[in-house]
Amino acid sequence: MKDHGERLLEYLLREHFAGDAGDAALAPRLRRLLESPGAPSPRPHVRQHRWLRQALRLLPWVAAAAAVAGVWLLQRAPVLATAERPLLVLTADGQLRRTQQLRAGDLAWCAEAGPLAFALAAGRAVAEPGALLRFEPAGIELQAGAVQLLPGGTDLLARCAFGSVRAAPGADVRLHCEPDAPLIPDPLEADPMRSLALLTEFRSRSLAVSLAILPLTGTAELLTAQGRTPLPAGQAVQLPPPRVDAAALARARTLLANLRKDTDKLDLQDEQNLLLLKQVDEDQQDLTMLLMQQPELLPPLREGLRKDLAAAATPPAVVGRLLGIAALDTDSSALAVLERRWPLGPDAFDYQVQLAMAERGSALVRPALQTTMQEPDSDLAVLSAAALALGGSDFGKAALQPALAIDLHDAADDFRPFDRRAQAAIGMAALGDAQALPRLQADLRAVVGELLERGDLGRAAWMVQRAAVYLRPSPRLSFLQQRIQLAAPELAAKDVAAPLVRSWLDRLTR
Amino acid sequence: MSLSPPPAAPIEHLVQTHQRSLRHYLRYLGAPAASVDDLVQETFLATLRSDFTFTNDAAAFGWLRTVARRLLLQQVKSAARRGLQVELEAAEAAFAAHLGDDDGEARRDALRACLQQLPPRQLLALQLRYGEDAPLQRVAAALAVGRAGAESLLARLRQRLRECMQGRLQR
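Residues numbered from 1 in each chain as written. Chains lettered and ligands numbered in written order. Predicted model: local features only at pLDDT ≥ 70, side-chain atom pairs only at ≥ 80, totals over all residues. Heavy atoms only, no water.

*Asks:* Looking at this structure, I do not really get the overall build of chain A. What am I missing?
*Replies:* Along the backbone of chain A there are 18 helices and 14 strands. Once local pairs closer than 6 in sequence are excluded, the contacts in chain A between residues at least 24 apart make up 57%. With an accessible surface of roughly 24400 Å², chain A has 55% of that area assigned to carbon and sulfur atoms. (Helix = DSSP H or I, 4+ residues; strand = E, 2+ residues; numbered from the N terminus. Contact = heavy atoms within 4.5 Å. Areas by Shrake-Rupley, 256 points an atom, 1.4 Å probe, with all protein chains shown as cover.)

*Asks:* Please clarify how the state of the cysteines should be interpreted in this entry.
*Replies:* Each disulfide consists of one covalent bond between the sulfur atoms belonging to two cysteines. All names here are of chain B. For the structure shown, the criterion picks out two disulfides over all chains. The disulfide bridge from Cys-114 ends at Cys-164, spanning 2.0 Å between sulfur atoms. Torsion about the S-S bond of the Cys-114 and Cys-164 cystine: about -95°, corresponding to left-handed handedness. A residue pair is termed long-range when its members are at least 10 positions apart, and Cys-114 in helix α5 (residues 105–115) and Cys-164 in helix α8 (residues 147–170) qualify at 50 residues. (Disulfide = S-S within 2.5 Å.)

*Asks:* In this structure, what is going on with the pairing of strand β8 (residues 156–160) of chain A? I would like to understand it.
*Replies:* Residues and elements named next belong to chain A. Burial analysis of β8 places five of its five residues in the buried class, which makes it a mostly covered element. Because side chains alternate across β8, one face comprises the buried residues Leu-156, Ala-158 and Cys-160, and the other comprises Leu-157 and Arg-159, equally buried. Pairing geometry for strand β7 (residues 139–151) and β8, over two bridges, is parallel. Counterpart to Glu-141 in the pairing with β8 is Arg-159. Where β8 and strand β9 (residues 163–167) come together, five bridges link them in antiparallel fashion. Directly across from Arg-159, in β9, lies its bridge partner Ser-164. (Buried < 20%, exposed > 50% of the residue type's maximum accessible area, 1.4 Å probe, protein only. Pairing = 2+ DSSP bridges.)

*Asks:* Help me understand the pairing of β7 of chain A, please; the structure alone is not making it clear to me.
*Replies:* Each regular strand carries side chains that alternate between the two faces of the sheet. Residue and element names in this part refer to chain A. For β7, the tally of buried residues reaches 12 of 13 residues, placing the bulk of the element in the interior. The pairing of strand β5 (residues 123–127) with β7 spans five bridges and is antiparallel. Among the inter-strand pairings, Ala-127 is bridged to a residue of β7, identified as Val-147. By the bridge criterion, five bridges tie strand β6 (residues 132–136) to β7 in an arrangement that is antiparallel. Counterpart to Arg-134 in the pairing with β7 is Glu-141. Counted along the chain from β6 to the antiparallel partner β7, the turn is two residues long.

*Asks:* I would appreciate a short explanation of the packing of aromatic side chains in the present structure.
*Replies:* By convention here, two paired aromatic rings are described through the distance between centres and the angle between planes. Under the defined criterion, the tally for this structure stands at 11 aromatic pairs over all chains. Where Tyr-11 of chain A meets Phe-95 of chain B, the ring centres are 4.8 Å apart and the plane angle is 90°; that geometry is what we call edge-to-face. Of the two residues, Tyr-11 of chain A is situated in helix α1 (residues 4–17) and Phe-95 of chain B in helix α4 (residues 78–99); the pairing between them involves two chains. Pair check on accessibility: Tyr-11 of chain A and Phe-95 of chain B agree, each one buried. Each ring, one from Tyr-25 of chain B and one from Phe-61 of chain B, has its centre 6.5 Å from the other, and the planes form 70°; the classification is edge-to-face. Taken as a pair, Tyr-25 of chain B in helix α1 (residues 11–29) and Phe-61 of chain B in helix α3 (residues 57–74) lie far apart in primary sequence, 36 residues in all. On the basis of relative accessibility, which here comes to 0%, the residue Tyr-25 of chain B falls in the buried class. Among the aromatic residues, those joined into a cluster by ring pairs are Tyr-11 of chain A together with Tyr-25, Tyr-28, Phe-61 and Phe-95 of chain B. Directly above the aromatic system of Tyr-28 of chain B lies the positively charged group of Arg-7 of chain A, at a separation of 5.2 Å from the ring centroid. (Phe/Tyr/Trp six-rings, centres within 6.5 Å; stacked < 30°, edge-to-face > 60°. Lys NZ or Arg CZ within 6 Å of the ring centre and 35° of its normal.)

*Asks:* Mind showing me how you'd approach helix α16 (residues 457–470) of chain A here?
*Replies:* All names here are of chain A. Its 14 residues place the ends of α16 20 Å apart at the C-alpha level, agreeing with the 20 Å of an ideal helix rising 1.5 Å per residue. Burial analysis of α16 places 10 of its 14 residues in the buried class, the great majority of the element. Inspection of α16 places Ala-460, Ala-461, Met-463, Val-464, Gln-465, Arg-466, Ala-467, Ala-468, Val-469 and Tyr-470 among the buried residues, and these make up the whole buried set. Looking at the buried positions of α16, the neighbouring elements they touch are α14 (415–430), α15 (436–453), α17 (480–487) and α18 (498–509). (Expected span 1.5 Å × (residues − 1).)

*Asks:* What's the story with the side chain of Ser-393 of chain A in this structure? I'm lost.
*Replies:* Looking at the element boundaries, Ser-393 of chain A is found in the loop between α12 (379–390) and α13 (397–403). Excluding residues that lie within four positions of it along the chain, Ser-393 of chain A makes contacts with Arg-366, Leu-388 and Leu-431 of chain A.

*Asks:* Please explain the confidence of the model for chain A as it appears in this structure.
*Replies:* Residue and element names in this part refer to chain A. Here chain A shows a mean pLDDT of 80. Residues at 70 or above account for 82%. Ranking the helices and strands of chain A by mean pLDDT puts α15 first, with 93, and helix α4 (residues 200–205) last, with 49. Contacts of residues 39–49 to residues separated by more than four positions or lying in other chains number 25 contacts, the stretch itself having pLDDT below 50. Residue range residues 184–198 is modelled with pLDDT below 50. Its contacts to residues more than four positions away, or to other chains, number 33 contacts. (pLDDT = per-residue confidence, 0-100.)

Next up, the structure:
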């Protein structure tokens, strides 16, 4: 038998951890039992209507609390999924709670012994015990463990590190995402953590994952940076983690260190520093391009960025530069780092960083982006509205709809109307307009076809190159110029050939 | 046990103040989880039907503990009752010492401070086991370890908490 000290500790632990485990009906039940035949009647020491009077006294407070709760509920992000049973959830604002309702950015840990089903707008996802899921407006992000996708009326999208799987209605697809770091750090050897941020440590350690896909029935496709791959039913696919290029990683680390060091030294009042400023800008551009080309370099940099951005002592100028790098990371932990930094100084977040956060569903930057939409026909209005739409907000729908009517023939001499049309199509597609992207593809095919027939290779090539960004699976709108440069550099060559343009056009519009 | 007079304190107050502590106390004494609710109700009922007179909450909790121990004893077969009675009285003595002069508040503070030092996984294990009364199998599944691993983790955690609390209480 346990000694008394041990049992007293358990008593204290129950007292500490158990919520209000009391039975609210016990007092009335006791009263009835005492009043039952054979039992003496209790003395009427409880005055009549005492509870009613107390309740009436509390009524104004209850009404005020209800009003506050109402405002809070209205401001909360919409529910994206409902779990069949309550489970442990790390919310986007860092709170740990048990709930059934999942919102954008929530990280759900299926810690029970059996499978757990989630009802989503696009169907159902059934998670195996141990699975770690993050909920996004576009679908789910599987961070670890196994999940079964059962789409309902529309496609269901599941992301896992370097690949996404799109399952069509009626399909049954199993995914298994294996982190290379243990899901949970060793409990007793780990340093004490004051925060309840459930898996921050795990995610900062997790460098890469391997993804196994088994489509049992129906249609599914794998979406990676290289393009779309159909997944035949019954054929398992195993994707190993991408190999990190050691030389590229060393280069990235050097650029990042230079960025920190040189930005800190910069004194913009001193003209002598203009050369250094140019160097810092070039370093940032090089690093941005490197990380966009090789996103597998981001996880090893993640922890350093997190620490710098969490430290109050980091100079504001350095913070601004680092935010631009952290915003390239699509991992949910990176978004959480940005969101934690936001309250300390929103001014440090430039427009591209705001776009990156908005398109991933962050509600924090929405008011800032909405101010860029005051001129509804401007380029920025459509871009902001489209990024908001990718993140699940329909605030800018009114700015997107007119841009859908832009004729691509009129855009052949100016890429800005072309971009507005494409961005509007992406945004409207994210908001549920199933025809927006097919119409863009058809128009693109027609206009580029005409340009090629006329021998206007230059115009045809730039149009297709920009379309390569907009029509890729899971498009992103932040850091657009860099994305366009990287999307299909061969199309920007002076001696670009018509067959190459046609080949790209076919790939983008089939 | 006398059936009169009726209680001197409102039933609601007595239940609201002591119900949770009484449940935890019965678990501390070793009462099976399945019978705790019945025992709590019987304890209150027996108290309210007795000549109990409310003076203050500390005395009321002492009264309730005595009744709860007797009721727990009544559930056991007579042959084993004597040994259990000795055990229960020893447990009560330890419990009363734990409450001390401050109703156990110093220990609660020490526990809270020690819990703050634990990483999330360990807190989860404690939350499941003691907050939700989860069986070891469920704790093990949640931690992605075997049953023995969960048991071992909880034991090491309790040991660590005891040492931490002891250190804090001796300061």
